[in-house]
Each structure stands twice: as C-alpha cells, then as structure tokens.
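Structural description and commentary
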Amino acid sequence: MKTRTYRNPVGVSRYTGLLLISPFIIGALLLIIYPFVSSFITGLTDGSSFVGFENYRHILSDENIRSSAAVTLKYAAILVPLKLIVSLAVALLLNMELKGIGIFCTVFYIPSILGANLAVIIMWQYLFTSEGLVNQLLEAVGLSPVSWYGDTDAALFIIVLLRLWEFGSTMIIFLAALRDIPRELYEAARVDGCGRTRAFFSITLPQIRNVIFINLVLQTIAAMQEFNAPYMITGGGPLGSTRTIGMYIYEEMFTYGDEGTANALSWLLFMVIALIVLIMYRTTGRLRREDR
Amino acid sequence: MKKLLLYLLLTAAAVVMLYPLLWLLGASFKTNEEIFTSAWFMPERLDLSVYGKAWKTVTPYTMGHYFLNTFMIIVPKTAFTVLSSVLVAYGFARFDFPLKKLFYGLLICGMFMPAIVTIMPMYSLWSKLGLLDTYIPLTLPALFAGEGMFVFILIQFFKGIPKEFDEAARIDGCGTLKTLFFVLVPCIKPAVISIAVFTFLWTMNDFLGPLIMIQSVEKYPLSLALRLSVDSTGQGYEQRSVIAMSVIGLIPSVAVFAIAQKKFVSGITAGGLTG
C-alpha cells in the first residue's frame, strides 16, 4: 500500500482527527457493529443453545409472521407515496412568494414535532372511536360512519392518517430543496416559451431528485419499523390487521420471551430494508446521476 | 384573485392540521358523553379542577415526579449529544486521518440503521451489565455521536466556515479545541441550537426506548406514565383526566418549540435538518 500524505494544518498530527472522532468510533462499535453481529448470533439460538437456522425456517413458514410482513409492506406502500406527494404539493404551494407564508410553514410543521408524542397518539385513538370526531364529521357531510376499530382495512388507515398528518418534516426538506433551485432556470424556460406544467417536470423534478430519493428512503425505513402507533392505538387488531413487524418483534421478545426468534426477525427486517433501499438506489440510479 | 384562493386553500389546510390539537385541548374539559357526541372543540363549561386531578394522576406519583424523571434523561442526553456531535463533525470536516473514508461510510450507514434492529441486542447487553431500569441505557449512548444525521449536518455547517478562521486562531495561539469552541462553534450557533432542540423534542416523544429499558413505575418518564394511565382507566372511566394529562404532557414540547421556533424553522430550511 502506498503511504499517503495527510493534508492537515502545520503542526497537526494525523491522529488529531482520529482522536476527535473517537467517540464515533466507540459508538460505531457499540451501537452499530455490536448489535448487528450480536442479533445475528442470538438469532441462531433459542435463547441459550445453538439451533442453526431453525428460527429463520420457522419465521419463513409461520403464517402469522407472513401476514404481519404483509401488513407492514401494505402500510409502507400506502403511506410513503401518499406522504411524499402531499409534502411535495404543500411545499410547492409554500414556495410561491407570498406574504405571511412563514406562519403556514410553522403550522404545517407542528404536527410532525408533536405527532410522535404519546399524548397525541392517545388523542388520535379518541378521534376514531365509534362516535368520535371523525365519524361525527362524516355524518355531518352525509356519509355513513365507519367502524374504524372493527374493520380490518379501516384500522390500518387510522395509523396511515396519523403519520400522514405528520408530513411537515418531509415537506420542510422539499421546501429547502425547492428554494435552492436557481431562479434563472425558470426565467430562461419562460423566455423559451415553456409552460408551468412543463417547467415542473423539466426543471423542478430533476433539480430535486436527490432530495426525493432521500425522503423516499427515510420514510420507507420509518414506515417499515412502525411500532408506537399500532401498539398504542389498535394493539395490533382487529385480527392482526395492524400488527406490524415492529410490533411482532416486540411481542416475541417481551410477551413470549422468545429471544432467538425476535433477534432473527429483527435481523431479517434489517436485510429486507437494506434490500429495498438498494433496489431504490439502483432503479433510480440513472435518474439521479444524469446531471453530473 | 388567484392569491386570495391560495390563501383560502392554505388557511383551510391549516385549520384541518390544527383542529385535532384544539379538540384535544377542549376535550380535556368535557364529560365522557360530550366527548363522544360533540365535534365542536369548545366545551360547554370550563371546569379547571380536571387539571388538578390529572396532575395527581391515577398512579402513586404526581406528574411533577414524571416530569423530573423525563428531565433527568433529557438534560444529560442533550448535553452529550451536542458535545459528541460537534467534536466528531469537527474531526470529519477539518482534519485528514487514516481510514477517514471508511468511518465516513460507517457514519452514513448508521443513519439508515433501523432502531428496531439495534434495540433488542442493546437490551440484552444492558441487561447483562445489570444497567436495566436505570437511565444509563437512555443517556450514555448519546456520548458516542449516535445520531449520524446530526453529525452529517454539522459537517456541512463546518465546511461553510472559511478555513482562514482556523488559521487566524492558530496564529493567535489557539489549540485545536480552543479553535473549535471559541471560534467555530459561535459561527454555527443556530445549527447547534437546532440539534439541542431536536434532541429535546425527540426525547420527549421517545416511547420504545423507555418502554424496554425502564421497569419500575417510580422511574417512568412521562410517556410511560401516560400509557400507564390509559391502561388503568379503561373505557367508561373519566376520559378527560387522561386527556388533560396529555395536554400537560405536551406543554414542554410546545414551549420549547415556541421559543426556538423562529431560529428553528429558518435553520432547518437552511440546513435541511428535520425530524
């Protein structure tokens, strides 16, 4: 290996930087690498003795885990596109130069800050009871009330709506990206006779594609490990229709004390998430790299 | 005309976004019957005694006790997070060292590591060390710059400061750390404050961590105390006292957000930092 020169200010050793990031090195070992290896090893045991890939075989053949995986994927597939579209649409509105836009920005952002708080999750539960606010509003506009907690499709929607309500954080990333697009691009396009819609597809979208990708990945990861909302709001019911994999892992570990299965399952979840992110990265690769 | 329509649309959306929170506030004064029959957020009468009851809680401790517990987690965690993130970001942004690329890659990977994967092994580890049911599992990891996103954002901010600042400080006799704390950190104060605020808000919201690591009611932070109250009231009991507890529980987050709001929203739009 070639010896390389380190570009540091005069009098600074090449170990200074290493020393500064030493908390991170310890952290990476303790908080990333250790759990990763440890959960794989524990996943090969039944809590005490080695059983090989028995847990994985069990996971892949278990009817309940399969339906829980299906719930998680369905949830992510509904929530993530909805949230991205809503965030982008609102960000586009807020990006127009209007007076007092800051207030709207703050208002839309508040739910994403408070929404993860348990207090708000508890409130959300009340909103969807049989005679709760949402059903009252439905009746007020002449629709028939929905049995939110009794219906397998509706129950998942309670959680989707909660997370959709928290679109503010995604919106703000989009807004920051939109504000970075040079004005000249739009002016040049207008001179060339390019309409609004065309400008959106030919300028706006390509300019923010990296940010779209980051939001897509972050939201997918968050959705795939959803735990708090189904745990507090629906308890996984009715008929397991909201029992996400995150909840399943928790129950395996702390309700049934099956450490092996819980670890194997969480490791599998990591692999699935990594695979999804990789596929997203690959399939959008050409789109993202175009302008370099 | 078009502008007016846009304002109307935005206002309508804002009302929809905030109504659930208003309703929550109003519901804390309502009887069970009123909660489930009236969609309007204003209660028929204001009876503040419910808040006294809520403060006492149905558990053996008052909400004050749970607030104290929460702050015993939040204060060290926020301090640790800010300190470690600043040091590590400084190292990455300003120095060259062996294996830098590898560690930088690891930092990015860590950002995408799902919490649910790491929390089981961490539980087993803390359990082996006999540290479950203490605040150490919830606060100590913050010393190790565990939040990759924060480090990543600080690196961008550090890179925005001209290197001449460092050189000038060095000529004036500042060492590596002195340069950091007396010259660079003051330049990126908004970013540092944003990180502290985020850590505060996220820790207020944290539920899975305490749920797994803390077992005795005496040590419960607010989020667990709330869950306990929900569980022990059940259907048919006075819903409003649970709702009032929720409202009280939201006060610190709302206060911190309101104080930091101006810097915060502009800071995040500038730096791309978000929840």
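Residues numbered from 1 in each chain as written. Chains lettered and ligands numbered in written order. Predicted model: local features only at pLDDT ≥ 70, side-chain atom pairs only at ≥ 80, totals over all residues. Heavy atoms only, no water.

Structural notes on the layout of surface pockets
All names here are of chain A. For clarity, the cut-off: A 1.4 Å probe that fits into a set of points on a 1 Å grid over the protein atoms alone but cannot get out defines a cavity; an open set with protein on both sides within 12 Å along at least five of seven lines defines a pocket, and lining residues are those with an atom within 4 Å of a point. Grid points are joined across faces, edges and corners, and a volume is the space filled by probe spheres set on the points. Starting at the N terminus, helices and strands are each numbered in turn, a helix being any DSSP run of H or I of at least four residues and a strand any DSSP run of E of at least two. Polar here means any residue other than Ala, Val, Leu, Ile, Met, Phe, Trp, Tyr, Cys and Pro, which are nonpolar, and Asp, Glu, Lys and Arg, which are charged; Gly is therefore polar.
One number sums up the size of the second largest pocket: a volume of about 770 Å³. Taken together, 18 residues form the lining of the second largest pocket, with N95, M96, R183, Y186 and R196 sitting closest to its centre. At the level of secondary structure, the elements contributing two or more residues to the lining of the second largest pocket comprise α10 (183-191) and α11 (196-207). Here the lining of the second largest pocket is built from residues that sort into 10 nonpolar, three polar and five charged.

Comments concerning the interface of chain A and chain B
Let me state the cut-off plainly: Any two residues whose heavy atoms approach within 4.5 Å at even a single point are treated as in contact. Buried surface area refers to the total accessible area, computed with a probe of radius 1.4 Å, that the two partners give up upon joining, counted for both partners together. Here a polar contact is taken to be a pair of N or O atoms separated by no more than 3.5 Å, where protein atoms must pair a possible hydrogen donor with a possible acceptor and residues adjacent in sequence count only if both atoms sit in side chains.
Taken together, the contact pairs 89 residues of chain A with 87 residues of chain B. Roughly 7,900 Å² of surface becomes buried between chain A and chain B when both sides are summed, with 78% attributable to carbon and sulfur atoms. Looking at the side of chain A facing chain B, the largest losses of area belong to L20(A), F24(A) and Y126(A), adding up to 9% of the total buried there. Where chain A touches chain B, the interface holds five residue pairs in polar contact (both at pLDDT 80 or more). Tallied by class, the residues present in the side of chain A that touches chain B amount to 64 nonpolar, 17 polar and eight charged.

Digging into empty space enclosed by the protein
The final tally for this structure, using the stated rule, is two cavities of 30 Å³ or more. In this model, the second largest cavity occupies a volume close to 40 Å³. Lining the second largest cavity are N117(A), M204(B), L222(B), S223(B), L226(B) and G249(B). Of the residues that constitute the lining of the second largest cavity, the class distribution is three nonpolar, three polar and no charged.

Here's the deal with the domain arrangement of chain B
All names here are of chain B. The test is simple: The domain boundaries here were taken from an automatic or database domain assignment. What makes a salt bridge here is a side-chain nitrogen of Lys or Arg within 4 Å of a carboxyl oxygen of Asp or Glu, nothing more.
The domain architecture assigned to chain B consists of domain 1 (1-47) and domain 2 (60-271). Between the C-alpha centres of domain 1 and domain 2 there is a distance of 32 Å. Taken as a group, L24, S28 and N32 account for 53% of the area that domain 1 buries against domain 2, more than any other trio of residues on that side. At the surface where domain 1 touches domain 2, the tally comes to zero salt bridges. Here domain 1 is connected to domain 2 by zero residue pairs in polar contact (both at pLDDT 80 or more). Where the side of domain 1 that touches domain 2 is concerned, the elements lending two or more residues are α1 (2-27) and α2 (32-35). At three residues, the largest contribution of residues to the side of domain 1 that touches domain 2 is made by α1.

Considerations on the nonpolar core
Selection rule: Among the buried residues, those of types Ala, Val, Leu, Ile, Met, Phe, Trp, Tyr and Cys that are joined through side-chain atoms within 4.5 Å form a nonpolar core. Relative accessible area decides the class of each residue, using a 1.4 Å probe on protein chains only: under 20% of the type maximum gives buried, over 50% gives exposed, and in between gives partly exposed.
Ranked by internal contacts, the top residues of the largest apolar core, which has 179 residues, are L94(A), F108(A), W23(B), F92(B) and F158(B). With 13 residues, helix α4 (residues 63-94) of chain B is the single largest residue contributor to this core. For this core, the domains that each give at least three residues are domain 1 (1-47) and domain 2 (60-271) of chain B. Look past the residues within four positions of F92(B) in its chain and what remains in contact with it is I21(A), F24(A), F97(B), K100(B), F103(B), Y104(B), L107(B), V151(B) and I155(B).

Topic: the packing of α4(B) against helix α11 (residues 189-205) of chain B
Residues and elements named next belong to chain B. As a reminder, the rule being used: Orientation is described by lines fitted to C-alpha atoms, with helices fitted over the stretch in contact, and by angles between N-to-C directions that extend from 0 to 180 degrees. Crossings are sorted by hand: turned counterclockwise from the far helix by less than a right angle, the near helix makes the crossing left-handed, and turned clockwise it makes it right-handed.
Interaxial distance between α4 and α11 falls to 9 Å at its minimum, and their mutual angle equals 145 degrees. With respect to the hand of their crossing, α4 and α11 are arranged in right-handed fashion. Residues T70, F71, I73, I74, K77, T78, T81, V82 and V86 of α4 pack against V192, I195, A196, T199, F200, T203 and M204 of α11. Residues belonging to the contact of α4 with α11 are distributed by class as follows: 10 nonpolar, five polar and one charged.

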